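The chain contents come next:
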Amino acid sequence: MTIEKAIVEQLIKGSDSGGAFAAIPAETKLLGVSIKDDICYVNLNEGFLAEIPSVNPKLRVHSLVNSVIEGGNCRQVQILINGNPSVALNDSLTFEKPFKKDMKMVEE
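Remember, predicted model here, so these are calculated numbers, not experimental data.

## Considering the packing of aromatic side chains
According to the stated counting rule, one finds 2 aromatic pairs in the structure shown. With centroids separated by 6.1 Å and ring planes inclined at 50°, the aromatic side chains of F48 and F95 adopt a geometry described as tilted. Placement of F48 in the loop between β2 (39–44) and α2 (57–71) and of F95 in the loop between β5 (93–94) and β6 (99–100) is noted, with a sequence separation of 47 residues between them. F95 carries the same exposure label as F48, and that label is buried. Ring plane angle 70° and centroid distance 6.2 Å describe the contact between F95 and F99, whose orientation is recorded as edge-to-face. Across the pair, exposure class does not vary: F95 and F99 are buried alike. An aromatic cluster of at least three residues, connected via ring pairs, comprises F48, F95 and F99. Here the basic side chain of R60 rests over the ring of F48, its NZ or CZ set 5.7 Å away from the ring centre.

Have a look at this one:
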């Protein structure tokens, strides 16, 4: 198992600590993780698109992207839904291009 796959699986599992909330929907299933040319391809099912009340969609995406880049061996993350990059999250955030690390949403 790669470190990137372990990171994504833990994010989907969520935290056991009280008071923490999941940024990734519980319906999300990891279909695969691969790395090519410094890009980590994370293939998820459509459960990743499920709405989580009061969680900004960008937070969901960047919790995954930032965690994989920080802990793994890649510089960008391409999110795929059932193998397809031509998907949007809540019609506001598209997955057509790989994401780079963005710490703007992280609270200090």
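## Thoughts on the nonpolar core
Among soluble globular proteins, nonpolar side chains are generally buried collectively. The biggest cluster of nonpolar side chains holds 22 residues, and the ones touching the most others in it are L44, F48, V61, L64, V77, I79 and F95. Listed by contribution, the elements that provide at least two residues to this core are α1 (3–13), β2, α2 and β3 (76–81). Per-element accounting of this core gives the leading share, 5 residues, to α2. Not counting residues within four places of it along the chain, the set of residues in contact with L64 comprises V8, L11, I24, V42, L44, F48, V77 and I79.

## Side note on the side chain of N45
By the element assignment, N45 lies in the loop between β2 and α2. With a relative accessible area of 12%, N45 lands in the buried category. Of the polar contacts made by the side chain of N45, one reaches the backbone nitrogen of K29; its length is 2.8 Å. Setting aside anything within four residues of it in sequence, one finds N45 in contact with E27, T28, K29, L31, I81 and N82.

Definitions and cut-offs
Residues numbered from 1 in each chain as written. Predicted model: local features only at pLDDT ≥ 70, side-chain atom pairs only at ≥ 80, totals over all residues. Heavy atoms only, no water. Phe/Tyr/Trp six-rings, centres within 6.5 Å; stacked < 30°, edge-to-face > 60°. Helix = DSSP H or I, 4+ residues; strand = E, 2+ residues; numbered from the N terminus. Buried < 20%, exposed > 50% of the residue type's maximum accessible area, 1.4 Å probe, protein only. Lys NZ or Arg CZ within 6 Å of the ring centre and 35° of its normal. Core = buried A, V, L, I, M, F, W, Y, C linked by side-chain atoms within 4.5 Å. Contact = heavy atoms within 4.5 Å. Polar contact = N/O pair within 3.5 Å; in protein donor to acceptor, adjacent residues only side chain to side chain.

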